[in-house]
Amino acid sequence: MAEIYYDKDADLSIIQGKKVVVVGYGSQGHAHAQNLRDSGVEVKIALKPDSKSIQKAEEAGFDVVTNAEGTEWADVIVILAPDQYQRILYNEDIKPHLATGKALLFGHGFNIRYGYIEAPEGVDVVMVAPKGPGHTVRREYVAGRGVPVIVAVEEDATGTAWDLALSYAKAIGGLRAGGIKTTFTEETETDLFGEQAVLCGGVSHLVQYGFETLTEAGYQPEIAYFEVLHELKLIVDLMWEGGIAKQRWSVSDTAEYGDYVSGPRVIDPQVKVHMKEVLADIQDGTFAKRFIADQDAGAPEFKRLRAEGEAHPIEKTGRELRALFAWNANADDDYVDGSAAR
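What counts and how
Residues numbered from 1 in each chain as written. Predicted model: local features only at pLDDT ≥ 70, side-chain atom pairs only at ≥ 80, totals over all residues. Heavy atoms only, no water. Patch = residues over 30% accessible without salt bridge, like charges linked within 9 Å, V, L, I, M, F, W, Y side chains within 5 Å. Areas by Shrake-Rupley, 256 points an atom, 1.4 Å probe, with all protein chains shown as cover. Salt bridge = Lys/Arg side-chain N within 4 Å of Asp/Glu carboxyl O. Helix = DSSP H or I, 4+ residues; strand = E, 2+ residues; numbered from the N terminus. Contact = heavy atoms within 4.5 Å. Polar contact = N/O pair within 3.5 Å; in protein donor to acceptor, adjacent residues only side chain to side chain. Lys, Arg positive; Asp, Glu negative; His and termini not counted. Charge placed at Lys NZ, Arg CZ, Asp CG, Glu CD. Buried < 20%, exposed > 50% of the residue type's maximum accessible area, 1.4 Å probe, protein only. Pairing = 2+ DSSP bridges. Right-handed = clockwise from strand over helix to strand, strands pointing away. Axes fitted to C-alpha atoms, helices over the stretch in contact; angles between N-to-C directions. Parallel < 35°, antiparallel > 145°, perpendicular 65-115°, else oblique. Nonpolar A, V, L, I, M, F, W, Y, C, P; charged D, E, K, R; others polar.

Draft legend 1. Quick peek at a nonpolar patch on the surface. Together, V198, L199, V203, L232 and V236 line one region of the surface with nonpolar side chains, adding up to about 380 Å² of accessible area. Among the secondary structure elements, those contributing two or more residues to the nonpolar patch are α10 (184–199) and α13 (232–250). Within the secondary structure layout, V203 lies in helix α11 (residues 201–216).

Draft legend 2. Expanded view of the environment of Q28. Position of Q28 relative to the elements: it lies in helix α2 (residues 27–38). The spatial distance from the C-alpha of Q28 to the C-alpha of D332 is 22 Å, given a sequence separation of 304 residues. Beyond its immediate stretch of four places on either side in the chain, Q28 contacts L80, P130, G132, P133, G134 and V137. A polar atom in the side chain of Q28 sits 2.9 Å from the backbone oxygen of G132.

Draft legend 3. Structural context of a negative patch on the surface. A surface patch of like charges, here negative, comprises D11, E154, E155, D156 and D163. Position of D156 among the secondary structure elements: in the loop between β8 (149–155) and α8 (161–171). Residue classification places D156 among the partly exposed residues on the basis of a relative accessible area of 36%.

Draft legend 4. Looking closely at the pairing of strand β6 (residues 103–106). Residues A103 and L105 point to one face of β6 and L104 and F106 to the other, with burial holding for every one of them. Bridge count for strand β5 (residues 76–79) against β6 is 4 bridges, and the pairing is parallel. Residue pairing for β6: I79 is matched across the bridge by F106. What joins β5 to β6 is helix α5 (residues 83–94), and the crossover it makes is right-handed.

Draft legend 5. Just α5, in detail. Within α5, the full set of buried residues consists of Q84, Q86, R87, L89, Y90, D93 and I94. Buried residues along α5 sit against β2 (19–23), α4 (67–73), β5, β6, α6 (110–113) and α16 (286–296).

Draft legend 6. Structural view of the sheet that holds strand β3 (residues 42–46). Strand order in this open sheet of 9 strands is β1-β9-β8-β7-β6-β5-β2-β3-β4, and the pairing throughout is mixed. Two strands bound the open sheet, and with one partner strand each, they are β1 (4–5) and β4 (64–65). As judged from the 6 bridges shared by strand β7 (residues 124–130) and β8, these two strands associate in the antiparallel manner. Along β8, the bridge assignment pairs A129 with I150.

Draft legend 7. Representation of the packing of α16 against helix α17 (residues 300–310) in the model. In the contact formed by α16 and α17, the axes pass within 6 Å of each other and the chain directions differ by 95°. One element, α16, and the other, α17, form an angle in the roughly perpendicular class. Taking contact as the criterion, the partners of R290, D294 and Q295 in α16 are, on α17, P300, E301 and F302. Each residue belonging to the contact of α16 with α17 can be placed in one class, and the counts come to 2 nonpolar, 1 polar and 3 charged.

The following block contains the structure:
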């Protein structure tokens, strides 16, 4: 049974007594920083001098410093930059300025799990990973609620790393919902697997194949879009609320019966075989090496695959349909000409 922590299990004064620098001001960075500040923690933001996020952080009232300055100043260095950049900024800007007794805190275990970042002796290495995007972490905190977190300690150099991790988790609102104890290895491997095999890779390809099957059979692409993509949110919301059983209970008997008899024909036992292959690549580092090597080369494979995905016919159909509906007409404002404003 999982070990779960709540607000009563953490001492907020621990993190309130620390100086914290958040490296990165993106999705997670802005949420962590603002929640920490509202919880009475002294926070600065560390960014590269040419970062486009400097203005956003300053407008939010934060003191912005360089990564090196932030590391020297802070007791807790929170690394929330993208996975592929963390090892570079760590080796160049953070590691030279670390001192015994400081703590490195991560929102994902990738770089520690695969050895791209190695902390020196005397430094705590902990993780607090919200199970939701940054804007949700911030919104739920403001509403007096929280997004569940998972918490891990890789290196407890000071003997107080767990107390620090739980205090931090409480400060960002995570323990209002609950924090599950894990390890860097478990978090990293399950997170990557979930993204690749189910949540992102699995679902997106299932939707694309469903769209192709219907349109190739002569059905209107607009109708196909609604049936295989638009209504997906309704099903996922029901699963989120009460599991697969509630989703099946909520739909029609026809849909539920079709689930039982046709689902296994599409998602057959061979799918699980392939999932195990994906998991093996994650466990032995094959995926990590491929991702980092591609990123270091300028991301040619990543960019090619992104462009191919954006060119799929379902994307054109979706953009045209969404623009017609008042309730969703502005959904693509941050996604212009098939290229997200990243």
